[in-house]
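# Structural overview
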Amino acid sequence: MSFSLLRRRKFLVLCTNPISQQKFYPNPALISKTQQNPCPQNPFTQNPLGVLQFYALFSTQASKFHEYEMPSVTWGVVQGKKEKLVNRVIICDYLKGLGIIPDELESLELPSTVEVMKERVEFLQRMGLTIDDINEYPLMLGCSVRKNIIPVLGYLEKIGISRSKLGEFVKSYPQVLHASVVVELQPVIKFLRGLDVDKLDIGYVLQKYPELLGFKLEGTMSTSVAYLVSIGVSPRDIGPMVTQYPYLLGMRVGTMIKPLVDYLVSLGLPKKIVARMLEKRPYVLGYDLQETVKPNVDCLISFGIRREVLASIVAQYPPILGLPLKAKLSSQQYFFNLKLKIDPERFARVIEKMPQIVSLNQNVIMKPVQFLLERAIPSEDVATMVIKCPQLVALRVPLMKNSYYFFKSEMGRPLKELVEFPEYFTYSLESRIKPRYEMLKSKGIRSSLNWFLNCSDKRFEERLEGDYIESESLGPSFCMGGKLELPGCEILSDEEDEIDADEDEVLFRRTVSL
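Predicted model, so just to flag it, every value in this text is computed and none were measured.

### Describing helix H12 (residues 217-230)
Compared with an ideal rise of 1.5 Å per residue, which puts 14 residues at 20 Å, H12 spans 19 Å between its outermost C-alpha atoms and is within 8% of the ideal. Residues of H12 that are buried include every one of Met 221, Ser 224, Val 225, Tyr 227 and Leu 228, and no others. In this fold, the buried residues of H12 make contact with helix H10 (181-194), helix H13 (235-244), helix H14 (253-266) and helix H15 (271-280). Looking one or two places after H12, you find Gly 232, whose phi comes out positive at around 120°.

### Topic: the side chain of Asn 296
Turning to its location among the elements, Asn 296 is positioned in helix H16 (residues 289-302). The exposure class assigned to Asn 296 is buried, which follows from its relative accessible area of 8%. Leave out the neighbours within four places in its chain, and Asn 296 touches Ile 320, Leu 321, Gly 322, Leu 323 and Leu 325.

### Considerations on the packing of aromatic side chains
Across all of its chains, the model carries 12 aromatic pairs by this definition. When the centroid spacing of 5.1 Å and the interplanar angle of 65° are considered together, the rings of Tyr 245 and Tyr 247 count as edge-to-face. Looking at Tyr 245, the relative accessible area reads 15%, which means it is buried. Given the relative accessible area of 31%, Tyr 247 is considered partly exposed. Between the aromatic rings of Phe 371 and Tyr 404, the centroid separation amounts to 6.0 Å while the plane-to-plane angle is 90°, which identifies the pairing as edge-to-face. Taken together, the residues span a long stretch of sequence, with Phe 371 in helix H20 (residues 362-374) and Tyr 404 in helix H22 (residues 397-411) at a distance of 33 residues.

### Things to note about unusual backbone geometry
The phi angle of most residues is negative, glycine excepted, and most peptide bonds adopt the trans form. Notably, Lys 341 is not glycine yet its phi reads approximately 60°, a positive angle. Relative to the assigned elements, Lys 341 resides in the loop between helix H18 (325-339) and helix H19 (344-353). The phi dihedral of Ala 376 falls on the positive side, at around 70°, and the residue is not glycine. Relative to the assigned elements, Ala 376 resides in the loop between H20 and helix H21 (379-388).

### Observations concerning H18
For H18, built from 15 residues, the straight-helix expectation of 21 Å at 1.5 Å per residue is met to within 8% by its first-to-last C-alpha distance of 21 Å. Listing the buried residues of H18 in full gives Leu 325, Leu 329, Gln 332, Gln 333, Phe 335 and Phe 336. Across the axial projection of H18, the buried residues extend over an arc of 165°, all falling on one side. Away from the buried face of H18 by more than 90 degrees, exposed residues Lys 326, Ala 327 and Tyr 334 are located. Immediately beyond the C-terminal end of H18, within one or two residues, lies Lys 341, with a positive phi of roughly 60°.

### Some words on the pattern of salt bridges
Evaluation of the coordinates by the stated rule reveals 14 salt bridges. Here Glu 417 ties to Arg 413 by a salt bridge, and the two come within 3.0 Å at their closest N and O atoms. Salt bridges here are not isolated pairs; linked through shared partners, they connect Asp 133, Glu 168 and Lys 171.

### Concerning the nonpolar core
Leu 156, Leu 206, Leu 213, Leu 228, Phe 336, Tyr 424 and Phe 425 are the most contacted members of the largest nonpolar core, which totals 145 residues. Top contributing element to this core by residue count: helix H8 (residues 145-158), with 7 residues. The contacts of Leu 156, once residues within four sequence positions are left out, are Ile 161, Leu 166, Phe 169, Val 176 and Leu 213.

### Overview of the confidence of the model for the protein chain
Averaged over all residues, the pLDDT of the protein chain equals 80, while 75% of them reach at least 70. When mean pLDDT is taken per element in the protein chain, H16 scores highest with 97 and strand E2 (residues 484-485) scores lowest with 36. Segment residues 10-46: pLDDT under 50, and 34 contacts once partners within four positions in sequence are set aside and those in other chains are kept. In the predicted structure, residues 48-78 sits below a pLDDT of 50 and forms 51 contacts with residues beyond four places in sequence or in another chain.

### A look at the environment of Tyr 437
Here Tyr 437 shows up in helix H24 (residues 429-443). With 12 residues separating them along the chain, Tyr 437 and Leu 449 place their C-alpha atoms 9.5 Å apart. Apart from the residues within four sequence positions on either side, Tyr 437 is in contact with Phe 406, Glu 410, Met 411 and Phe 452.

### Quick look at the packing of H14 against H15
It is the contact of H14 with H15, at a shortest axis distance of 9 Å, that shows an interaxial angle of 125°. As judged from the angle between their axes, H14 and H15 are oblique. Between H14 and H15 lies a crossing of right-handed hand. Between H14 and H15, the residues in contact are Val 261, Leu 264 and Val 265 and Lys 271, Val 274, Met 277 and Leu 278, respectively. Of the residues belonging to the contact of H14 with H15, the class tally is 6 nonpolar, no polar and 1 charged.

Rules used throughout
- Residues numbered from 1 in each chain as written.
- Predicted model: local features only at pLDDT ≥ 70, side-chain atom pairs only at ≥ 80, totals over all residues.
- Heavy atoms only, no water.
- Helix = DSSP H or I, 4+ residues; strand = E, 2+ residues; numbered from the N terminus.
- Expected span 1.5 Å × (residues − 1).
- Buried < 20%, exposed > 50% of the residue type's maximum accessible area, 1.4 Å probe, protein only.
- Contact = heavy atoms within 4.5 Å.
- Phe/Tyr/Trp six-rings, centres within 6.5 Å; stacked < 30°, edge-to-face > 60°.
- Arc of directions from axis to C-beta.
- Salt bridge = Lys/Arg side-chain N within 4 Å of Asp/Glu carboxyl O.
- Core = buried A, V, L, I, M, F, W, Y, C linked by side-chain atoms within 4.5 Å.
- pLDDT = per-residue confidence, 0-100.
- Axes fitted to C-alpha atoms, helices over the stretch in contact; angles between N-to-C directions.
- Parallel < 35°, antiparallel > 145°, perpendicular 65-115°, else oblique.
- Left-handed = near helix turned anticlockwise from the far one by under 90°.
- Nonpolar A, V, L, I, M, F, W, Y, C, P; charged D, E, K, R; others polar.

Right, dumping it as structure tokens:
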């Protein structure tokens, strides 16, 4: 017998001799435990919900648990090539018995005993993963519970992903189990914090887009942020944009972001306006240029929308670029023609003034229309009012009632004036109509609704102090330069606040007054 073979046998005898274990386990309790079960189950892996407690215990108090200072017995056994093959077959048979297909594990190093593999499978199942989930990504079985899974789960919980969501997170991005907390996960979190993503939003962002944890900082994430800033997006708005739509960090500038921005600019939108639009609605970046955006623009033109107002439509209602537009426009055009007697050509003018109508529920549209019809306004005049001021169809009827009764009882004016200036209903009764009317009444001035309502407070005061009533002028209009120009060369600030929209983005945007 060769000398090396003798040494190997001697070593195996030493490792398996119960008496020699006293050298490794001075504590008698540990000796008895080890003798009863040579491959003890990790007590902390029995409860995956206690990940943080175990992680803290393992990292700070390892000296108190001597059995964790050494590799488990199953990993410490010296095996020959033949023994490894036999154990691999046993493990694969065990996995097949559970319904797991082990084909992808062929090139993966597996544990030396089936007990360790069983521990991994049971741990994943207790997290909420099913056999089907494991079959979707069987490489997760190559992750050690103690060295890979528990540290990663502990860190994910620390950054804001609740324990109850950890299983779902691993289902959606199982590759995270292979990641190093220090080398791969922590730098991504620091990068997000550097973009001004709120600490409390980190978990929410990662649950929406867990693949962020696998990105390289010097790659797509950095270049997409740099490009957005270069076109005018405020750096302080990058954080809220990422929180709302984290997928933008995974978009390539050359193939996705820049072509879309260039196309919007080609429609007449200045880059600064595009930047403001993306700050408010970053999800627009997710619209496919060739499959959705360009076909929708062509669809608008086919329905009679003029090319010169396309920029205004997109600026008012960016989601129109991503809607199933042909179906929506067809439905609304037929409805307006049938119920409101508005032909397709005039319907196009309505859409130009208020593109949100394409998403407005038809029952919502009919409520203010019905209110006007009940006030004895002829249907032809109602159609004229809607064409002049499409915002009417999105107003709340109770507010319209209050404004109407003040118009009739206090102001005592004929309905003809409402038909000529339907924008009256879009102004606040308490903050604009009543105070201005009282000021006109006190000075004995009688003017049209347009003259005293469609102007700023400062302009109204100047009009009251004037010696004569100036002629009426049109309201503001959209300029291709990207700003709203008022009569008298007054220009609205770029920082003019937009009217908030609800989740269906159907509330009106007032474009006829300040």
